[in-house]
Amino acid sequence: MMTLQHRTVQPKILYYGTPVVLLSTCNEDGTTNISPISSSWALGSCLVLGLGCGGKGLENLKRYPECVINLPDPSLWRHVERLALLTGKTPVPSSKKELGFRYEKDKFSAAKLTPCESEKVRPARIAECPLQIEASVQDIRIPENHPWFAVVETETRRVHAREAYILGDHYIDPNQWRPLIYNFRHYFSLGEELGKTARAET
């Protein structure tokens, strides 16, 4: 039997491969802020997000508890990267300034993205993103052991999908949809399908 060798390691980061989210939230003046995030998961209509406590996104969610969870495809990775060192907070927090962040009010223009009106929430959707999920915030929790992050629970209110990705009336076609994956701080796409679970309905 083949022996698989392992070694104990302490990675500096643990972004082990999750879809990129461009989170739209509402600023004080009604404009939309965009926060690129890489920590999220879904359970039914509940979507859980991980946000840094020092960012404009979390500040906005506490004020206006609603958002749009925009999911870009791999073709948009350069647009996402244009947002990487931008913040909607002014003055720029010292912790972000040390990392090279700068303040940007109009992130749509900065990232060369297009706003479009949402139907159930205040923040704008991002037209270029093939999947856009309007959601309301149900709970915000700061973990005691990691007080610099927030766990945000949201409830889906409306889903918009690019026509080419819709299968029948109630499904997203997994053979068409390809999320942009954030994998140890590198951008990736999905490979070819390997198979499907026994519970798959398509």
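Before reading on, note that the structure itself is shown above.
Residues numbered from 1 in each chain as written. Predicted model: local features only at pLDDT ≥ 70, side-chain atom pairs only at ≥ 80, totals over all residues. Heavy atoms only, no water.

### A closer look at the nonpolar core
Here is the rule we go by: Nonpolar cores were defined as sets of buried Ala, Val, Leu, Ile, Met, Phe, Trp, Tyr and Cys residues, with membership established by side-chain atoms within 4.5 Å. Only protein chains enter the area calculation, which uses a 1.4 Å probe; residues under 20% of their type maximum are buried, those over 50% are exposed, and those in between are partly exposed. Note on definitions: a residue-residue contact is assigned when non-hydrogen atoms from the two residues lie within 4.5 Å.
Counting residues in hydrophobic clusters, the biggest one holds 19 residues, and the most contacted among them are L23, L49, L51, L61, I69 and V152. Setting aside its immediate chain neighbours within four residues, L49 contacts L23, I37, S39, S40, I69, A150, V151, V152 and T154. Of all hydrophobic cores here, the second largest spans 15 residues; its members include I34, A124, I126 and C129.

### Examining helix α1 (residues 56-63)
Within an α-helix, residues lying three or four positions from one another point in the same direction, as the helix has 3.6 residues per turn. Formally: Runs of E in the DSSP output that reach at least two residues are strands. Runs of H or I that reach at least four are helices, and both are numbered from the N terminus.
All of the buried residues in α1 are K56, G57, L58, N60 and L61. Each element contacted by the buried residues of α1 is listed here: β2 (21-26), β3 (32-37), β5 (46-52), β6 (66-71), β11 (131-141) and β12 (149-161).

### Observations concerning the sheet that holds strand β16 (residues 186-188)
Each strand in a sheet pairs with its neighbour through backbone hydrogen bonds, running either in the same direction (parallel) or in the opposite one (antiparallel). Note the cut-off: A pair of strands counts as paired when DSSP detects no fewer than two bridges linking them. Interaxial angle, 0 to 180 degrees, is taken between N-to-C directions of lines fitted to C-alpha atoms, where a helix line uses only the stretch in contact.
Pairing is antiparallel in the open sheet, where three strands are placed in the order β1-β15-β16. Edge positions in the sheet fall to β1 (16-19) and β16, since each of these pairs with one other strand and no more. Taking the axes of each pair of neighbouring strands and ignoring which way they run, one obtains an average angle of 30 degrees across the sheet. In the sheet, β1 pairs with strand β15 (residues 181-183) via three bridges, with the strands oriented antiparallel. Looking at β15, one finds that Y16 is bridged to N183.

### Notes on the pattern of salt bridges
This is how the line gets drawn: Between Lys or Arg on one side and Asp or Glu on the other, a salt bridge is scored when a side-chain nitrogen of the former is within 4 Å of a carboxyl oxygen of the latter.
Following the criterion strictly, the structure yields eleven salt bridges and no others. Of the charged contacts in the structure, one is a salt bridge between K56 and E28, with a shortest N-O distance of 2.8 Å. Note that K56 is positioned in helix α1 and E28 in the loop between β2 and β3, a separation of 28 residues in sequence. For R158, the salt bridge goes to E119, with nearest N and O atoms at 2.6 Å. Of this pair, R158 sits in strand β12 while E119 sits in the loop between β9 (115-116) and β10 (125-126), placing them 39 residues apart in sequence. Several salt bridges share partner residues, and in doing so they unite E28, K56, E59, R63 and K89 into one network.

### Some details on the pairing of β2
Burial analysis of β2 places six of its six residues in the buried class, the great majority of the element. Pairing analysis gives six bridges linking β2 to β3, with the strands arranged antiparallel. Bridged to S24 within β3 is I34. Where β2 folds back on β3, the antiparallel hairpin that results is connected by five residues, among which G30 adopts a positive phi of roughly 90 degrees.

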